[in-house]
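Working through the structure, step by step
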Amino acid sequence: FPVTIEPGMGIGDSIYIACGFPWGSSDICYPLGSQFQTYYDGFATTGRLYAGMSGGPVVDINRMTIVAVNSAVAEGYVIVMPTVGLFETLGIKVIK
């Protein structure tokens, strides 16, 4: 289901960037979209990832916090995997 991150959801006022070292070059970062859709255990959103950026941090630049890691590109989306606690921060109930 689509998840729109809005102010009041804990981190909705943030801007997210995906960082990495594509093709072994110097580090680069690209902004990610503000609408996320669940994708298996992670989130899909718009943005750019290139070969070599997998495993790089996704940073909430307003809070200077790593909130996810770059995972893959699929069907025109960037896939990121949340770090521990991100689902709770977004108000998504986690059943353990």
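Above this text sits the structure in question.
Residues numbered from 1 in each chain as written. Predicted model: local features only at pLDDT ≥ 70, side-chain atom pairs only at ≥ 80, totals over all residues. Heavy atoms only, no water.

The subject of this paragraph is the pairing of strand 8 (residues 77–82). Note that strand 5 (residues 42–45) and strand 8 share three bridges and pair antiparallel. By the bridge assignment for strand 8, phenylalanine 43 is matched with valine 80. (Pairing = 2+ DSSP bridges. Helix = DSSP H or I, 4+ residues; strand = E, 2+ residues; numbered from the N terminus.)

The next point concerns the nonpolar core. Counting residues in each nonpolar core, the largest one holds 12 residues, listed as Tyr16, Ala18, Leu32, Phe36, Phe43, Leu49, Met53, Val58, Val67, Ala68, Val78 and Val80. Listing elements by their share of this core, those giving two or more residues are strand 2 (16–20), strand 7 (65–74) and strand 8. (Core = buried A, V, L, I, M, F, W, Y, C linked by side-chain atoms within 4.5 Å. Buried < 20%, exposed > 50% of the residue type's maximum accessible area, 1.4 Å probe, protein only.)

Once that is clear, we can look at the environment of alanine 72. Examined against the element boundaries, alanine 72 turns out to sit in strand 7. Assessed through its relative accessible area of 30%, alanine 72 is described here as partly exposed. Among all residues touching alanine 72, those that are not within four sequence positions of it are Leu49, Tyr77, Val78 and Ile79. (Contact = heavy atoms within 4.5 Å.)

Another point: the side chain of aspartate 60. Looking at the element boundaries, aspartate 60 is found in strand 6 (residues 57–60). What makes aspartate 60 buried here is its relative accessible area of 0%.

On the secondary structure map, methionine 81 appears in strand 8. In this structure, the C-alpha to C-alpha distance between methionine 81 and proline 57, residues 24 residues apart in sequence, is 9.8 Å. When sequence neighbours within four positions are dropped, the list of residues in contact with methionine 81 reads Asp41, Gly42, Ala68, Val69 and Ser71.

Moving on: the side chain of asparagine 70. Structurally, asparagine 70 is set in strand 7. Looking at asparagine 70, the relative accessible area reads 3%, which means it is buried. Polar contacts involving the side chain of asparagine 70 include one to the main-chain carbonyl oxygen of methionine 53, which spans 3.0 Å. (Polar contact = N/O pair within 3.5 Å; in protein donor to acceptor, adjacent residues only side chain to side chain.)

Attention now goes to the environment of proline 22. Residue placement: proline 22 occurs in the loop between strand 2 and strand 3 (28–31). Sequence separation between proline 22 and alanine 51 is 29 residues; the distance between their C-alpha atoms is 5.4 Å. Each residue touching proline 22, except ones within four places of it in the same chain, is listed here: Ile28, Tyr50, Ala51, Gly52 and Met53.

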